[in-house]
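# Remarks on the overall topology
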Amino acid sequence: MKILCTNDDGYLATGLSVLSRAASELGSVTVVAPDREQSATSHALTLHHPLRARRTPDGAFVVDGTPTDCVILALNELLPERPDVVLSGVNHGPNMGEDVLYSGTVAAAMEATVLGIPAVALSYVGSAGEELEGWEPVVRRVLESLLGRDRFPADTLFNVNLPAVAPDEVRGMRVTKLGRRRYADSITRAHDPSGREYYWIGGGDVTWRGPADSDFQAIREGFVSVTPLHLDLTNYQLLEEIRAWNLAL
Ligand code: MN
């Protein structure tokens with residue numbers, strides 16, 4: 001199996017090395033990853049300046065672009081053959097609920113799905129670093145169970161979150177739906193040294209809600225959460241109702 005690994009935390013991230021080590025037990029791995037932090041860049045594509053890729057001594061490609069740029073360059077230019085699967089992560093921090101709309105980690109997997117390649121995005125809800133190092137065996141088993149099927153579902157990617165517990169305390173895997181996240185006080189307003197006002201998005205308190213079968217609940221109870229994501233955002237339940245509005249010009 002030919003495996004492409006990427007992420008949005010940059011090529012030096014602990015999560016990416018955990019992922020590529022786990023994946024290398026399932027097939028031959030090539031890493032194509034951003035040269036710097038690209039978290040929350042969502043599905044951004046670099047169109048207005050050139051992209052450069054360089055090779056590290058261990059054979060990884062490092063790109064000065066977004067996770068989506070990495071997947072597109074990998075498939076069209078950098079890899080000698082089309083990969084059988086694209087893995088993104090392991091992200092340093094959760095990608096649950098609305099996070100998937102902002103996440104570069106999830107977007108890289110989405111881009112692979114758009115291009116017709118099975119893809120899995122993985123994120124660790126705890127703090128990265130040494131804690132994440134011990135997750136390699138669990139990540140390998142998660143990948144084996146998701147990729148070991150006869151057929152990968154079409155137009156679908158798997159969004160996996162790993163709970164903030166020790167890897168040997170994981171209670172199992174749960175198939176979930178996206179929960180909902182609420183940020184409070186997440187914008188800081190302050191003044192720069194010349195007295196001009198500036199704003200900084202981030203921080204604040206995050207609260208979660210969601211039914212018993214949501215990603216957030218599974219994580220809270222110490223399970224690995226697996227959410228199948230579809231790329232078609234059409235609200236099918238509303239189609240007939242909206243058509244009955246008889247919209248006309
Ligand atoms: Mn990230």
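Our subject is the structure listed above.
Residues numbered from 1 in each chain as written. Predicted model: local features only at pLDDT ≥ 70, side-chain atom pairs only at ≥ 80, totals over all residues. Heavy atoms only, no water.

### Focus on the side chain of T227
What counts is decided by this rule: Counting from the N terminus, the helices are DSSP H or I runs at least four residues long and the strands are E runs at least two residues long. Using a 1.4 Å probe on the protein chains alone, a residue whose accessible area is under 20% of its type maximum counts as buried, one over 50% counts as exposed, and one in between counts as partly exposed. Only heavy atoms enter the contact rule, under which two residues are in contact if any of them lie within 4.5 Å.
Structurally, T227 can be placed in strand β13 (residues 224-230). With relative accessibility at 2%, the residue T227 sits in the buried group. If sequence neighbours within four positions are ignored, T227 has contacts with L157, F158, N159, T176, K177, L178 and D215.

### A closer look at the coordination of the manganese ion
Keep this limit in mind: Any N, O or S atom lying within 2.8 Å of the metal counts as a donor, and for Na, K and Ca the limit rises to 3.2 Å; water is left out, so some sites can look incomplete.
Only D8 (OD), D9 (OD), S39 (OG) and N91 (OD1) from the protein reach the manganese ion as donors, at distances of 2.1 to 2.2 Å. Along the chain, the residues that donate to the manganese ion are spaced as D-D-x29-S-x51-N. In this pair, D8 sits in the loop between β1 (2-6) and α1 (14-23) while S39 sits in the loop between β2 (28-34) and β3 (53-55), placing the two residues 31 residues apart along the sequence. With a relative accessible area of 31%, S39 lands in the partly exposed category.

### Some details on the environment of V125
The residue V125 is located in the loop between β6 (119-124) and α5 (130-133) in this model. Along the primary structure V125 and E37 are separated by 88 residues, whereas in three dimensions their C-alpha atoms are 18 Å apart. The residues contacting V125, other than those within four sequence positions of it, are G93, P94, N161, L162, P163, A164 and I219.

### Looking at the sheet that holds strand β4 (residues 61-63)
In a beta sheet, neighbouring strands pair by backbone hydrogen bonds and run either parallel or antiparallel. In plain terms, the rule: For two strands to be treated as a pair, DSSP must find at least two bridges joining them. Between the N-to-C directions of two axes lies an angle of 0 to 180 degrees, each axis being a line fitted to C-alpha atoms and, for a helix, fitted only over the stretch in contact.
Across the sheet, nine strands lie side by side as β3-β4-β2-β1-β5-β6-β7-β13-β8; this open sheet has mixed pairing. Among the strands making up the open sheet, the edge pair consists of β3 and β8 (173-175). On average, each strand axis in the sheet is inclined to that of its neighbour by 25°, with strand direction left out of account. Sitting on the sheet, helix α2 (residues 67-78) is in contact with β1, β2, β3 and β4, with an inclination near 130° to β2. With respect to the sheet, helix α6 (residues 136-147) is in contact with β5 (85-92), β6, β7 (156-162), β8 and β13, its orientation differing from that of β6 by roughly 150°.

### Focus: a nonpolar patch on the surface
The cut-off we apply is this: Only residues whose relative accessible area exceeds 30% and that form no salt bridge are eligible for patches; like-charged ones are grouped when within 9 Å, while nonpolar side chains (Val, Leu, Ile, Met, Phe, Trp, Tyr) are grouped when within 5 Å. Note on areas: Shrake-Rupley, 1.4 Å probe, and residue coverage restricted to the protein chains presented here. For this document, the term salt bridge refers to a Lys or Arg side-chain nitrogen within 4 Å of an Asp or Glu carboxyl oxygen.
A surface patch of nonpolar side chains, about 380 Å² in accessible area, is lined by I187, Y199 and I201. Given a relative accessible area of 54%, Y199 falls into the exposed group.

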